[in-house]
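Spelled out from the first residue to the last, the chains are:
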Amino acid sequence: MTLSISSSLSLPVLRNGSNGYDVTLVQRLLNNAGYGSLVEDGIFGVSTDAAVKQFQKDRNLIVDGIVGSQTWGALLPPTIGRGSSGDDVKRLQITMNETNYGTLVVDGIFGSNTEAYVKAFQTEMSLEVDGIVGPLTWYALMSIMIQD
């Protein structure tokens, strides 16, 4: 699966010294992945840098402390689409409901209803409208949760 970057949304490149909602999202994803108990303050400092480097090392990525497309790809949930099932689909359904982008039954099954809501979300976010939840769609959806 290739990563198609919309002209209006792309995965940011973050490093020591970065700050803002994107850093808060990285801190939350690292915490959820078991990489410490980072303060989700939106400041990419020494602790976040160390956690990113350990995460990169453990996933056999280039260990540079920079959160670019490879690190985002490893941090974000896997790509899912129609026919997928399981915990990642449940996470999608819950997140869409919590961000008011859906009134989905949380059943862990990526069916036509989930796909329709994903396509509507992608349209609103100016993403490629394919009904597939890849890195950019996950990023856009999770970023909304952080900013609320």
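All values derive from a computational prediction rather than experimental measurement. (Residues numbered from 1 in each chain as written. Predicted model: local features only at pLDDT ≥ 70, side-chain atom pairs only at ≥ 80, totals over all residues. Heavy atoms only, no water.)

Some thoughts on the packing of aromatic side chains
Following the criterion strictly, the structure yields three aromatic pairs and no others. When the ring of Tyr 35 is compared with that of Phe 55, the centres are 5.3 Å apart and the planes differ by 80°; the resulting orientation is edge-to-face. In this pair, Tyr 35 sits in the loop between α1 (21-32) and α2 (46-58) while Phe 55 sits in helix α2, placing the two residues 20 residues apart along the sequence. The class of Tyr 35 is buried, set by a relative accessible area of 13%. A ring pair is formed by Trp 72 and Tyr 139, whose centres lie 5.4 Å apart and whose planes are at 70°; its orientation type is edge-to-face. With Trp 72 in helix α3 (residues 69-75) and Tyr 139 in helix α6 (residues 135-147), the pair connects residues that are 67 residues apart, well separated along the chain. (Phe/Tyr/Trp six-rings, centres within 6.5 Å; stacked < 30°, edge-to-face > 60°. Helix = DSSP H or I, 4+ residues; strand = E, 2+ residues; numbered from the N terminus. Buried < 20%, exposed > 50% of the residue type's maximum accessible area, 1.4 Å probe, protein only.)

Some remarks on the environment of Met 96
Tracing the backbone shows Met 96 in helix α4 (residues 87-98). A relative accessible area of 1% places Met 96 in the buried class. Expressed as a C-alpha distance, the spacing of Met 96 and Val 118, which sit 22 residues apart in the sequence, is 8.4 Å. Contacts of Met 96, omitting those with residues within four sequence positions, involve Tyr 101, Gly 102, Leu 104, Tyr 117, Val 118, Phe 121 and Leu 141. (Contact = heavy atoms within 4.5 Å.)

Description of the side chain of Thr 71
When you line up the elements, Thr 71 lands in helix α3. Not counting residues up to four positions away in its chain, the partners in contact with Thr 71 are Phe 55, Gln 56, Leu 61 and Ile 66.

Re α6
Between the first and last C-alpha of α6 there are 18 Å, a value that for 13 residues agrees with the 18 Å anticipated at 1.5 Å per step. For α6, the buried fraction is high: ten of the 13 residues fall into the buried class. As for α6, its buried residues are in contact with α1, α3, α4 and α5 (112-124). (Expected span 1.5 Å × (residues − 1).)

Some words on the confidence of the model for the protein
Here the protein averages 91 in pLDDT, while 93% of its residues score no lower than 70. Considering only residues more than four positions removed or in separate chains, one finds that residues 1-7, a stretch of pLDDT under 50, has twelve contacts. (pLDDT = per-residue confidence, 0-100.)

Quick notes on the packing of α4 against α6
At a closest axis distance of 10 Å, the pairing of α4 and α6 adopts a crossing angle of 45°. Our classification of the angle between α4 and α6 gives oblique. Remark: the crossing between α4 and α6 carries left-handed chirality. Where α4 approaches α6, its residues Asp 88, Arg 91, Leu 92, Thr 95, Met 96 and Glu 98 are matched on the opposing element by Trp 138, Leu 141, Met 142 and Met 145. Here the contact of α4 with α6 is composed, by residue class, of six nonpolar, one polar and three charged. (Axes fitted to C-alpha atoms, helices over the stretch in contact; angles between N-to-C directions. Parallel < 35°, antiparallel > 145°, perpendicular 65-115°, else oblique. Left-handed = near helix turned anticlockwise from the far one by under 90°. Nonpolar A, V, L, I, M, F, W, Y, C, P; charged D, E, K, R; others polar.)

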